[in-house]
Amino acid sequence: MQSLQQSKTKENIAKPRTKKKVFIETLGCQMNLADTERMLGMLEDIEYYPTDKFAEADLSILNTCSIREHAVDKMRSYIGKWDKLRKPGSLIAVSGCVAQQEGSDLVKEIKTLDILVGTHNIHRLPDLVIEAENKYREALDNGVEGIEDNRGINFSRPQTAEVWEELPELIPETPIFRKTKYFAWVNIIYGCNYKCTYCIVPKTRGEQRSRSIEEIKSEIEGLAKEGFKEIILLGQNVDGYGLDIKTNFTTLLREIHKVEGIERIKFLTSHPCDMTFELIETVAELPKFSKYFHLPIQSGNNEVLKRMARRYTYERYMELINYIRKLMPSATVTSDIIIGFPGETHEQFMDSIKAIQEARFDACNTAVYSKRPFTPAATWDDPISAEEKNERIRFMNAIIAETAEKQAQRYLGTIQKVLVEGPSQRNPMRLAGRIDDNKTTNIDCDPELHDKYIGQFVDVRITKANAWALRAEIV
Ligand code: 5AD
Ligand code: SF4
């Protein structure tokens, strides 16, 4: 699918351009990491190439996240720091959820910002960059005072901002610059139709829009040809995939499973309300699927779940977990929990603790509830003190670590398949990768042999197991 905007970009690149460098700092979730790869892909078309050195960048982009409080302050502080350190003549841009949430007026407040682009119109980035470059050049030609070193007192930066309130009708396909070599993220669905009362995602990412099966499959076939072996399907609610285009997630999974060359497939994030028994059976049946589920529970108490508008009960959640464990006894299950949702009592909090132990999570992200603009819960009474919430999260994290440690022991002595990603960052004498059900595994291996294994699936025996990682030897 080619968008009008994209062909406009193509016209622009017909002009000769000099090669430039772009630096992107990504905050937040996998969705933002995928957007960063998309931005790098699009920018390559207009001769901007990635750098990991801020000081040499001609364009620096902060890809923001707004899931928790202080997101706007955090962005201001980044931009303030960047403005002091930026290479003269370079441009600073803000993209992502904070841009979408705040709208284009944000540039009026932050005078040092050159470009602002929302999540709904991220495909417009190359055009906006060219527009900003042109405005900057014009100011330079007109001898605007201070522009040469871009810190002049009278220099008011010419700003370019575009944030679409409405979602585009089509999801424009864009080039993608992959940072990883052996596994790749593939977006299958954008946005979310749920309206959990604490969550800003429906505001920043819009309604659910599924990509077609053909489009997703052809992207994955392309990846297989390039040598990628594993793909991770991404979406705010992957189980809702297809409901807006008269298909469903299991149909997609069966189609993708046929792609030759792709040996391992994962997906995240799941929603307990849309996850079906049929999906669990499909994952159990098809060998390329990792037996790995990221299924956020958010709370173990039905009253709290109701106020969160999660639309399932604790009992239903446990039914799904029990079915997963029945069909795939060694499956990995991870989750997310919010602590101190407005009005959460101590007893209700303890129900979440019980849930961790009963569901036997292999890992669980925890966050103290954070008030978000435009969300219903933001207006509700929240009598629990910050100290109490901090106390609760500390206690919960200890329970999670204990549960994860116990869970990890099931791997001891077993043979597992690791897709080796490269040397371990902590200890370059070891190789690092993930086993089928996603656990990070460090392999003792002579560095001279590293090249032989990197990018390959390697059989290993697990020699040590702790809460967050495994150690192994090659068999
Ligand atoms: N406060 C705290 N945590 C939140 N999450 C989403 N919104 C909020 C909020 N307002 C958490 C949820 C979600 C994860 C991505 O972030 O647990 O699953
Ligand atoms: Fe947010 Fe709920 Fe949608 Fe998840 S399902 S993105 S928590 S609204």
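Shown above is the structure to which this text applies.
Residues numbered from 1 in each chain as written. Chains lettered and ligands numbered in written order. Predicted model: local features only at pLDDT ≥ 70, side-chain atom pairs only at ≥ 80, totals over all residues. Heavy atoms only, no water.

(A) Focus on the site of ligand 2. Residues in close proximity to ligand 2 include C192, Y194, C196, Y198, C199, V201, P202, Q236, H271 and R310, which together make up its full environment. Classifying every residue of the shell around ligand 2 by side-chain character gives 7 nonpolar, 2 polar and 1 charged. (Near = heavy atom within 4 Å. Nonpolar A, V, L, I, M, F, W, Y, C, P; charged D, E, K, R; others polar.)

(B) Examining the site of ligand 1 more closely. Around ligand 1, the neighbouring residues are I67, R68, Y198, Q298, D336, I338, A367, V368, Y369, S370 and R372. Within the backbone of Y198, a nitrogen or oxygen atom sits 3.0 Å from a nitrogen atom of ligand 1. Side-chain polar atom of Q298 to an oxygen atom of ligand 1: 2.7 Å apart, as the coordinates give it. For ligand 1, the protein covers 84% of the area, taking 410 Å² as the surface of the free molecule. Elements that contribute at least two residues to the shell around ligand 1 include exactly strand 13 (332–339) and strand 14 (363–368). Considering only residue class, the shell around ligand 1 consists of 6 nonpolar, 2 polar and 3 charged. (Polar contact = N/O pair within 3.5 Å; in protein donor to acceptor, adjacent residues only side chain to side chain. Areas by Shrake-Rupley, 256 points an atom, 1.4 Å probe, with all protein chains shown as cover. Helix = DSSP H or I, 4+ residues; strand = E, 2+ residues; numbered from the N terminus.)

(C) Region of the structure containing the packing of helix 9 (residues 249–257) against helix 10 (residues 277–285). Their axes nearest at 9 Å, the elements helix 9 and helix 10 cross at an angle of 15°. With respect to their mutual orientation, helix 9 and helix 10 come out roughly parallel. Seen from above, helix 9 lies across helix 10 with left-handed handedness. Between helix 9, through F249, T250, L253 and R254, and helix 10, the contact on the second element is made entirely by E278, L279, T282, V283 and E285. Looking at the contact of helix 9 with helix 10 residue by residue, the classes come out as 4 nonpolar, 2 polar and 3 charged. (Axes fitted to C-alpha atoms, helices over the stretch in contact; angles between N-to-C directions. Parallel < 35°, antiparallel > 145°, perpendicular 65-115°, else oblique. Left-handed = near helix turned anticlockwise from the far one by under 90°. Contact = heavy atoms within 4.5 Å.)

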